[in-house]
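The primary structure of each chain is shown beneath.
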Amino acid sequence: MAKKAWGGRFGAQTDHRVEQFTESISFDHRLFEHDIRASIAHAEMLAHVGLVTPDECQQIVRGLSEIRAEIEAGRFAFVPAREDIHMHIEAALIERLGDVGRKLHTARSRNDQVVTDVKLWARDALDRVDARLLALQRALVAAAERHRDLILPGYTHLQRAQPVLAAHSFLAYVEKLARDRDRAADCRKRLNILPLGAAALAGTTLPIDRHRVARALGFDGVAANSLDVSSDRDFALESAFVLAVIAEHLSGWAEEWILWSTQEFAFLALPDALCTGSSIMPQKKNPDVLELIRGRTARVLGDLNTLLVLVKGLPLAYNRDLQEDKEPLFDAFDTVEACLELAAVVVEGATLRADRIAARLDEGFLDATTLMEYLIRQGVPQRTAHEVIGHLVGRCEQLGCRRLADLPDAELSRAYPGLGPGVKDVLGVANAVGAFRSYGSTAPGEVENQLSSWKERLGIIE
Ligand code: ARG
């Protein structure tokens, strides 16, 4: 049985049940690349300040690079007795280099090492999420272009409300994802402060140069309080929150598109390759990808909650509880990355069923609010206009008219004298959409402006 790196004061081997219970290698092995990157920067700094010689530094850097290659090739043995990725890599280095390897841990502790590694990992993961968010935005903009002139019934309370352009709907999600990217960038900014060099909790008596390490690892600054460093998991909480909001956005979108793909709505056609069937009902074609995107949101919210509860009530500096930060953080990133990837696949593959949508656009009096505003433009107080049009909708229902335009002229002018023959120019869904004016509305000109502005911002070339 190998001696523990911390075994000097111990008189007995660790109970194997304790080893099994306390190990983190089964999940933190994925930090290996970041651990080695940070160790190389640390070793080069140690050489710069004279704590190791240039030759020792070279040996360490070469040894670490070889270990990285071994892990990448799947030739590295992971064992619970070595606890975590940091101990595995250091032990392998010592096996190679003897006393030179035993110098790498100078002026650092696993407490500042682990948080440095996780930060480096999370920073890369945030960058991957950003790239996926961008890809999904681009897919949505392309879908907006494909369905440029298509009019949809817009809903509030899931009841037909006013007409909207399909492009307006796609771009609504582009906006949400833009805020997600903004939040991720903001989180990255606060994350990007170097923990390493705080050592166990109080710093070190050795003459280290933390700013040099920060520069080498691409951090924007150095953590100013060594006691704060190893207990700080704000970046993990913030990342999980950023991811939870993304998951919420995807979940709402998935829910909407699941509804749209039902026979009751029949707005959306999903290609066979993106759906699955039923083992008993031969006719079924189910939107399982969308359902799982909606369902996996639960995991991400759970991960955020786990992290929040984990750090609650922890005193300063390192406590072993903090080892529990990795699984929820990894899971939240893995889940959201996969959902974003599949969301883009669905957006690229889906088509809105223009014929089915158009066939029912006259239902639900989508032009009622436009007609009310037509009266307001003539000086009628809004509340009066609302009542007049509400009355006309009631009349339609009594007389069995599907559309306001089907009411006899006499009904209209009796309801309000201003409702003369001119109303035919504002009634109907196409007229209603064309009548919008306000900034950010579904007016075709406005949507066109938004579309070109997004194409420019997202670097989409015509
Ligand atoms: N495996 C630990 C973790 O992931 C590394 C830090 C352990 N530090 C310690 N003093 N035991 O958090």
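For the structure itself, look to the data block above.
(A) Main features of the packing of helix α10 (residues 234-260) against helix α11 (residues 288-311). At their nearest, the axes of α10 and α11 sit 8 Å apart, and the two run at 160° to each other. Between α10 and α11, the angle falls in the class roughly antiparallel. Viewed along their axes, α10 and α11 form a crossing whose handedness is left-handed. Broken down by class, the residue content of the contact of α10 with α11 amounts to 20 nonpolar, 2 polar and 4 charged.

(B) Examining a nonpolar patch on the surface more closely. A grouping of L201, L227 and L316 is seen on the molecular surface, where their side chains present a nonpolar patch of about 260 Å² in accessible area. Secondary-structure assignment places L227 in helix α9 (residues 226-229).

(C) View of the side chain of Q323. The residue Q323 is located in the loop between α11 and α12 (326-349) in this model. A polar atom in the side chain of Q323 sits 2.7 Å from the side chain of R320. In contact with Q323, other than residues within four places in its own chain, are T22, E23, S24, F27, E83 and Y318.

(D) Quick look at unusual backbone geometry. Look at A266: it is not a glycine, yet its phi comes out positive at around 55°. Its place among the elements puts A266 in the loop between α10 and β5 (268-269). On the basis of relative accessible area, A266 is assigned to the buried category, the value being 3%. With phi around 50°, F365 is a residue other than glycine that occupies positive phi space. Following the sequence through the fold, F365 ends up in the loop between α13 (354-359) and α14 (368-377).

(E) Examining helix α4 (residues 54-72) more closely. Between its first and last C-alpha, α4 extends 27 Å over 19 residues, near the 27 Å set by a 1.5 Å rise per residue. Where α4 is concerned, the buried positions are E56, C57, I60, V61, G63, L64, I67 and I71. Taken around the axis of α4, the buried residues stretch over an arc of 165°, which confines them to a single face. Exposed residues on α4 whose side chains face more than 90 degrees from its buried face are P54 and E72. Where α4 is buried, its residues contact α3 (32-48) and α5 (85-97).

What counts as what
- Residues numbered from 1 in each chain as written.
- Predicted model: local features only at pLDDT ≥ 70, side-chain atom pairs only at ≥ 80, totals over all residues.
- Heavy atoms only, no water.
- Axes fitted to C-alpha atoms, helices over the stretch in contact; angles between N-to-C directions.
- Helix = DSSP H or I, 4+ residues; strand = E, 2+ residues; numbered from the N terminus.
- Parallel < 35°, antiparallel > 145°, perpendicular 65-115°, else oblique.
- Left-handed = near helix turned anticlockwise from the far one by under 90°.
- Nonpolar A, V, L, I, M, F, W, Y, C, P; charged D, E, K, R; others polar.
- Patch = residues over 30% accessible without salt bridge, like charges linked within 9 Å, V, L, I, M, F, W, Y side chains within 5 Å.
- Areas by Shrake-Rupley, 256 points an atom, 1.4 Å probe, with all protein chains shown as cover.
- Salt bridge = Lys/Arg side-chain N within 4 Å of Asp/Glu carboxyl O.
- Polar contact = N/O pair within 3.5 Å; in protein donor to acceptor, adjacent residues only side chain to side chain.
- Contact = heavy atoms within 4.5 Å.
- Buried < 20%, exposed > 50% of the residue type's maximum accessible area, 1.4 Å probe, protein only.
- Expected span 1.5 Å × (residues − 1).
- Arc of directions from axis to C-beta.

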